[in-house]
Amino acid sequence: MTEYSDDLQPKSDDQSTQSQIVTVNNAPSDHPATLWLIDDDAALRMVLADTFEDAGLTVISFTQAQAAWTRLNDVLKQQESAEQLPDVILTDIRMPMMDGLSFSDWVHQHFPKMPIVIMTAHSDLTSAINSYQTGAFEYLPKPFDLDDAVATIYKAINYQPNLETTSVPFSEKPNTNTTSDTSTEDLIKPKAASSSKTTKENKNKGAGVTKDNGNPSGIIGQSPAMQTVFRAIGRLAQSPISVLITGESGTGKELVASALHQHSPRKQQPFIALNMAAIPHDLIESELFGHEKGAFTGATTMRQGRFEQADGGTLFLDEIGDMPFSTQTRLLRVLANGEFYRVGGQQPIKVDVRIIAATHQNLEELVKQSRFREDLFYRLNVIRLPLPPLRTRPEDIPALALYFMQSAAEQMSTTPKHLHPAALQIMQTFDWRGNVRQLENVCLWLTVMATGDTVMATDLPPELLENISPNTVLYEEHVAAEEEAQKHLVQNGDVLNGSSLNSHQNGQSSPLPKNQSWQQALADWAEQSLSMGETDILQTATPEFERVLLTAALNHSGGKKIEAASLLGWGRNTLTRKLQQLDISAPRVPTKE
């Protein structure tokens, strides 16, 4: 890894050990492609740099975007050769002095063909959309798999045209800020020993979501499935192309349609939503296209339809599969040339409307049954955006429940209630056939019906407890009893105390009390340390936590570093660095006489 310095031309310090090099567009060359890596987290930067250098890239690292901006601006002012330009840039968003989005926007204006990949720990919809709006090639939410990151960088290098600078002269710096990202090394998923897939989900993600979560769309989710949705919205928002949103009822199809509109160039124009299943079939054409005065009995005045009302904006047609066959023919004409006739009208009316359709039905099956026009299906199915059901992303339930509990409390003008871990566990295992809408209704029910500030498992609605055994429902009592027992042990000095971490450092381990998990022991130690006035306890615990696991892995592998790294889910470079940082000597591997 090479740290950038204004006084030193950076060079890769590990090229001689690389077994392969990666070139732009796979062209024959002796010079590997160059990646500029920008992140203010030193540990994270080191892990990424090692990974990309091992993957055959020359890596130049920057601690902040401003240093990279200065170097690029020197190229614009012709103070440096354009040969110094990178082939791809990987940058964090939240950094001191200059944020990654402002930097990306500036680069896109002056080097429009240079691919930038944005990474951030704040992986919500707003971050995804803002990244793509600044011209980012791709968006990587943390934690991400290192193999996926390498594949993304390869794609950015191999599928981009040759870089060219614009004729724009020296420019002022983009907007700056002083907000630092909260990313740490554990925001990256290390390579697994036998698979490049995700090794562990960050279960705490989204736990801090509040009612004012900085996400005006109301779409919440940290799961991989929702990150895919966020990426799609970010890419599609600026396009006028038609989108077909599919998913079960209650998955948030209208929220996604609204987000596509609110982040599009049409956001100042109307967003009209219409549910096909909620309108009588004989009124749908009048509702969509309007009618002239006297067109039918009761038409005493001329009325504009939804297409005219949405002119310049977006028309969302929910449950498009329930549209009558005759109306489908008229809709097809509008999609083809933007023209239609009001009911009873003689003059064509031309509109500019973006169509977003949604359905919970299988349109391909409806086409086979001749209940949906095949040509209309292909007109609508330009881009399909499937939404995952809630039961496939249980890791998002805590954040969603917190949001809905706070919303319900605000609606009822009361104090928000908190979900007991046992209740939350049951909610995460529930099937949720009604998806997010059903979860919202349950949170409203709990706000009204549950007694006390904490919602226990026994307070949950009957349908959530229907298939739960009494032992599971009473889990909270066991947890409460265990917590009381642990408090008693803490008071008697029988559990993890302030010297326990030091005992690990000396190679000793204290046996845990019966029925006590190591997580609870750690929690007890943390509470005791804080009560004694200690600070920076994370800085105290983290090295010792890593020391214990690293020592165990080395002992288990007989001192074989590669095997120990695999057991820990680390790369060998990371393990070597940790051995140096923690001053651990690997046991010698016994040799045969």
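The rules we used
Here the residue index of a chain counts from 1 through its sequence in written order. A pLDDT threshold of at least 70 governs which residues receive local features in this predicted model, and a stricter bar of 80 or more applies before side-chain atom pairs are shown or counted, although totals over entire chains, interfaces and linings include all residues. With hydrogens and water stripped out, all remaining heavy atoms of the structure feed into the side-chain values. Strands are runs of DSSP state E lasting at least two residues, helices are runs of H or I lasting at least four, and both sets are numbered from the N terminus onward. Working definition: with a 1.4 Å probe on protein chains only, accessible area under 20% of the residue-type maximum means buried, over 50% means exposed, and in between means partly exposed. Two residues qualify as a contact provided that any one of their heavy atoms is within 4.5 Å of a heavy atom in the partner residue. Surface exposure here means Shrake-Rupley accessible area, sampled with a 1.4 Å probe, where a residue is shielded only by the protein chains that are shown. Definition used for salt bridges: Asp or Glu carboxyl oxygen within 4 Å of a side-chain nitrogen of Lys or Arg. One bridge is not enough; two strands pair if DSSP finds at least two bridges between them.

Here we take up the overall build of the chain. If you tally the helices and strands in the chain, you get 23 helices and 19 strands. Every one of the 593 residues in the chain was classed for burial, and the buried ones make up 47%. Partitioning the intrachain contacts of the chain with sequence separation of at least 6 by distance along the chain shows that 73% fall at a separation of at least 24. Per element, the accessible surface of the chain, about 29900 Å² overall, is 49% carbon and sulfur.

Glancing now at the pattern of salt bridges. Within the structure shown, the criterion is met by 16 salt bridges. The partner of D352 in a salt bridge is R266, and the shortest N-O contact between them spans 2.9 Å. Placement of the pair is D352 in the loop between β15 (349–350) and β16 (354–359) and R266 in the loop between α7 (253–262) and β10 (271–275), with a sequence separation of 86 residues. Given the relative accessible area of 43%, D352 is considered partly exposed. Residue R342 pairs with E308 through a salt bridge whose shortest N-O separation is 2.8 Å. Of the two residues, R342 sits in the loop between β14 (339–340) and β15 while E308 sits in helix α9 (residues 306–309), which places them 34 residues apart along the sequence. E308 carries the same exposure label as R342, and that label is buried. Three or more residues joined by partner-sharing salt bridges are found here, namely E248, R391, D431 and R433.

Right, let's get into the pairing of β16. Within β16, six of the six residues are buried, leaving the element largely enclosed by the surrounding structure. Alternating positions in β16 separate into two faces, R354, I356 and A358 on one and I355, A357 and T359 on the other, with burial throughout. When strand β9 (residues 243–246) meets β16, the two strands line up parallel, connected through four bridges. Paired with I245 across the strands is A358, a residue of β16. With four bridges joining them, strand β13 (residues 314–318) and β16 adopt parallel strand pairing. Bridge pairing in β16 places L317 opposite A357.

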